[in-house]
Amino acid sequence: SNAQNDLMWAMIDTLVKAQPEGRDMDKDSWKGALMHMAGFPVVMHPALDGNGVVILGYKSSRLSKVDMTLLIDAIDAYGAMHGVAFVKPEENHHE
């Protein structure tokens, strides 16, 4: 759903800013890493320049409502393990 998608991206934006474990990654990299952590299929290929890997083949838009809930729960658990507090998008209107 749109609400779930908005929540997922808000949580990922929080992770981008918080950089838990010193991880300085962009939103798409976070999404791929989180989907992999949550057990959804992603494909990793060696980077074209030989430095590291590139995560491909992940589409949160293809997740069912139940699977999206599982992903959001996994993001929330990861944040809790690393001291990251998430604010739901509707709680964010007073900024």
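Conventions used here
Residues numbered from 1 in each chain as written. Predicted model: local features only at pLDDT ≥ 70, side-chain atom pairs only at ≥ 80, totals over all residues. Heavy atoms only, no water. Buried < 20%, exposed > 50% of the residue type's maximum accessible area, 1.4 Å probe, protein only. Helix = DSSP H or I, 4+ residues; strand = E, 2+ residues; numbered from the N terminus. Contact = heavy atoms within 4.5 Å. Polar contact = N/O pair within 3.5 Å; in protein donor to acceptor, adjacent residues only side chain to side chain. Lys, Arg positive; Asp, Glu negative; His and termini not counted. Salt bridge = Lys/Arg side-chain N within 4 Å of Asp/Glu carboxyl O. Patch = residues over 30% accessible without salt bridge, like charges linked within 9 Å, V, L, I, M, F, W, Y side chains within 5 Å. Areas by Shrake-Rupley, 256 points an atom, 1.4 Å probe, with all protein chains shown as cover. Core = buried A, V, L, I, M, F, W, Y, C linked by side-chain atoms within 4.5 Å. pLDDT = per-residue confidence, 0-100.

A few words now on helix α2 (residues 27-37). Residues that lie three or four places apart on an α-helix share one face, since the helix turns once every 3.6 residues. Where α2 is concerned, the buried positions are Trp 30, Lys 31, Gly 32, Leu 34 and Met 35. On the buried face of α2, the contacting elements are α1 (2-18), β2 (53-56) and α3 (65-81). Capping of α2 at its N-terminal end is provided by Asp 26; its side-chain oxygen lies 3.3 Å from the backbone amide nitrogen of Asp 28. The first or second residue beyond α2 is Gly 39, which carries a positive phi of 95 degrees.

Tracing the chain through its elements places Lys 31 in helix α2. One buried charge, Lys 31, has no salt-bridge partner; the nearest side chain with opposite charge is Asp 28, at 5.2 Å. If we skip the residues at most four places from it in the chain, Lys 31 touches Met 8, Trp 9, Ile 12, Tyr 58 and Ser 60.

With that out of the way, let us pick up a nonpolar patch on the surface. Taken together, the side chains of Val 43, Val 54 and Leu 56 define a hydrophobic patch exposed on the protein surface, amounting to about 210 Å² of accessible area. Examined against the element boundaries, Leu 56 turns out to sit in strand β2. Among the residues examined, Leu 56 registers a relative accessible area of 39% and is labelled partly exposed.

Right, let's get into the nonpolar core. Grouped together as the largest cluster of nonpolar side chains are 19 residues, with contacts concentrated most on Met 8, Leu 15, Leu 34, Met 35, Leu 71 and Ile 75. Contributing elements (two or more residues each) for this core: α1, α2 and α3. The residues touching Met 8, leaving out its near neighbours within four places in the chain, are Lys 31, Ser 60, Met 68, Leu 71, Ile 72 and Ile 75.

Attention shifts here to the confidence of the model for the protein chain. Per-residue pLDDT for the protein chain averages 88, and the proportion of residues at 70 or more is 93%. By mean pLDDT, β2 is the weakest element of the protein chain at 80, and α3 is the strongest at 96.

Across all of its chains, the model carries 3 salt bridges by this definition. Across the pair Asp 13 and Lys 17 runs a salt bridge, and its minimum N-O distance is 3.0 Å. Note that Asp 13 and Lys 17 are positioned in helix α1 at a spacing of 4 residues, about one turn of the helix. Taking relative accessible area as the criterion, Asp 13 reaches 22% and is therefore assigned partly exposed. The residue Glu 21 makes a salt bridge to Arg 23 at a minimum N-O spacing of 3.0 Å. For Glu 21, a relative accessible area of 48% gives the class partly exposed.

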